[in-house]
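What follows is each chain in one-letter form.
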Amino acid sequence: MDIRKMVSEIKEKMDRAGGLKHVYFVACGGSKAAIFPGLYLLQSEAKGFGASTYTSNEFVHVKPKELDNRCIAVICSLKATPETVEAVRMANGKGAVTIAMTGSMETGMAKVGQYVVTYSNGDDQIYSQSNQANVLRLGFEILNQFEGYQYYDEAMEAFSYIDEIVPVVGGGFRGDGSRGEGTGKGKGKKGQESGDLCVPRREDRSGHIGQGSVSLGHMLELLGYGRGRERPARPG
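Scope of this entry: the structure provided in the associated data block. (Residues numbered from 1 in each chain as written. Predicted model: local features only at pLDDT ≥ 70, side-chain atom pairs only at ≥ 80, totals over all residues. Heavy atoms only, no water.)

## What about the nonpolar core?
- Grouped together as the largest cluster of nonpolar side chains are 40 residues, with contacts concentrated most on Phe 25, Phe 49, Ile 72, Val 74, Ile 99 and Met 101.
- At 8 residues, the largest contribution of residues to this core is made by helix H7 (residues 131–147).
- Residues contacting Ile 72, with those up to four places away along its chain left out, are Ile 10, Met 14, Leu 20, His 22, Val 23, Tyr 24, Val 97, Ile 99 and Ile 142.
- Membership of the second largest hydrophobic core comes to 19 residues, among which are Val 60, Ile 75, Ala 87 and Met 109. (Core = buried A, V, L, I, M, F, W, Y, C linked by side-chain atoms within 4.5 Å. Buried < 20%, exposed > 50% of the residue type's maximum accessible area, 1.4 Å probe, protein only. Helix = DSSP H or I, 4+ residues; strand = E, 2+ residues; numbered from the N terminus. Contact = heavy atoms within 4.5 Å.)

## Considerations on unusual backbone geometry
- If you check the backbone angles, Ala 80 has positive phi at about 70° while not being a glycine.
- By secondary structure assignment, the location of Ala 80 is in the loop between strand S3 (71–76) and helix H5 (82–93).
- With relative accessibility at 15%, the residue Ala 80 sits in the buried group.

## A short note on the state of the cysteines
- In the structure shown here, the tally under the stated rule is 0 disulfides.
- Not part of a disulfide, Cys 76 finds its nearest cysteine sulfur in Cys 28, a span of 9.3 Å.
- Accessibility expressed as a relative area gives 1% for Cys 76, which makes it buried. (Disulfide = S-S within 2.5 Å.)

## A look at the sheet that holds S3
- Pairing within the open sheet is parallel, and its 5 strands lie in the order S2-S1-S3-S4-S5. Whereas interior strands pair on both sides, the edge strands pair on one side only; in this sheet they are strand S2 (50–55) and strand S5 (115–118). Taking the axes of each pair of neighbouring strands and ignoring which way they run, one obtains an average angle of 20° across the sheet.
- Across 4 bridges, the pairing between strand S4 (residues 97–102) and S5 is parallel. By the bridge assignment for S5, Met 101 is matched with Val 117. (Pairing = 2+ DSSP bridges. Axes fitted to C-alpha atoms, helices over the stretch in contact; angles between N-to-C directions.)

## Some remarks on the side chain of Arg 137
- Along the chain, the position of Arg 137 falls in helix H7.
- Buried and without a salt bridge, Arg 137 has Asp 163 as its closest oppositely charged side chain, separated by 7.2 Å.
- Within the structure, the side chain of Arg 137 is placed 3.0 Å from the side chain of Asn 134, a separation counted as a polar contact.
- With near-sequence residues (within four places) excluded, Arg 137 lies in contact with Ile 3, Ser 128, Gln 129 and Phe 159. (Lys, Arg positive; Asp, Glu negative; His and termini not counted. Salt bridge = Lys/Arg side-chain N within 4 Å of Asp/Glu carboxyl O. Polar contact = N/O pair within 3.5 Å; in protein donor to acceptor, adjacent residues only side chain to side chain.)

## Notes on helix H1 (residues 3–17)
- Here H1 contains 15 residues, and its C-alpha end-to-end distance of 21 Å stays within 8% of the 21 Å for a straight helix at 1.5 Å per residue.
- Among the residues making up H1, those that are buried are Ile 3, Met 6, Val 7, Ile 10 and Met 14. Buried residues along H1 cover an arc of 90° about the axis, so they all sit on one side. For H1, the exposed residues lying more than 90 degrees away from the buried face are Lys 5 and Arg 16.
- On the buried face of H1, the contacting elements are S3, S4, S5 and H7.
- Between the side-chain oxygen at the start of H1 and the backbone nitrogen of Arg 4 there is a gap of 3.3 Å, and the oxygen is on Asp 2.
- In the segment just after H1, Gly 18 is the residue with positive phi, at about 120°. (Expected span 1.5 Å × (residues − 1). Arc of directions from axis to C-beta.)

## Section: the side chain of Ser 120
- Tracing the chain through its elements places Ser 120 in the loop between S5 and H7.
- Polar side-chain contacts of Ser 120 include one of 2.8 Å to the backbone nitrogen of Ile 126.
- Beyond its immediate sequence surroundings of up to four residues, Ser 120 is in contact with Gln 125, Ile 126, Gln 129, Ser 130 and Asn 131.

## So, the packing of helix H3 (residues 36–45) against H7
- Where H3 meets H7, the axes come as close as 7 Å, and the angle between the chain directions of the two elements is 25°. On the basis of their axis angle, the class for H3 and H7 is roughly parallel. Of the two possible hands of crossing, H3 and H7 adopt the one that is right-handed. Between H3 and H7, the residues in contact are Pro 37, Gly 38, Leu 41, Leu 42 and Glu 45 and Val 135, Leu 136, Gly 139, Phe 140, Leu 143 and Glu 147, respectively.
- By residue class, the composition of the contact of H3 with H7 is 7 nonpolar, 2 polar and 2 charged. (Parallel < 35°, antiparallel > 145°, perpendicular 65-115°, else oblique. Left-handed = near helix turned anticlockwise from the far one by under 90°. Nonpolar A, V, L, I, M, F, W, Y, C, P; charged D, E, K, R; others polar.)

No statement about biological role is implied by the geometric values presented.
Below is the structure:
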C-alpha cells in the first residue's frame, strides 16, 4: 500500500473515532534521528493536532496518557530493535494506529505494525526512498489529508529531485551558507559521510566543520533545489 492510500485509510479511522489529536514519532539511536524531519514538519505546520517524540523504551515505560485510538504512532527500526518492536505492541494495545517503518517486510517490526513502510538502506541506498524521505512523505500526507496543506504539490514534486541533489550537495552547508564537498559516496570533510540526506553542517568557533541540527528550512531548501534550478538564498 502506498503512503497516500495508507494515510487516506487512517483518516477514515480517525474520523470515525472523533478526529486525529496527536502523532507520536518513536525510535532509538540512528532511527530516532532519521525520523526527526517528520516530527519537525508536523510540529511546525500542523494546526489541529500535536506531535512529539519518544525513545522506544521511554514510550513503553512512561506511556503518554493521551495515547489512544485518536493517535498515530510512527515507529521506526531498520532491523527490529526489541524495545522498538515492544513500542509497536504497546501502541497497538492502547488502540493507536501504528505505522512501522523498517528495512524489509521480513523484520519483527513488519510483523506487528498495523501499517508498514519499508525504506531503502545500505551502501546502495536510494535516497528518495530512505527513512528520512519516507517520514517526510508521511508528514506531508498527514498534513494535507487531515488539514489541507498549501505546499503539498510542490513538496511531492520535489521528491523527484532528491536522487539528483544528494550526490551534489551531500556534504551539506558550512556555517557561512556555502556548500561542502559532497560527492555522493565516501567520506566528506572531517570524516563525515557525504551523501547523508538533509543533514546540514555547521562551523564552530574553532573552524571545525561538523554535524549541524536538522531544520525544516534546510530540508525544504534541498528538496526545492534541482534540475537546473538556482539554489535560493538562505535567510540570514
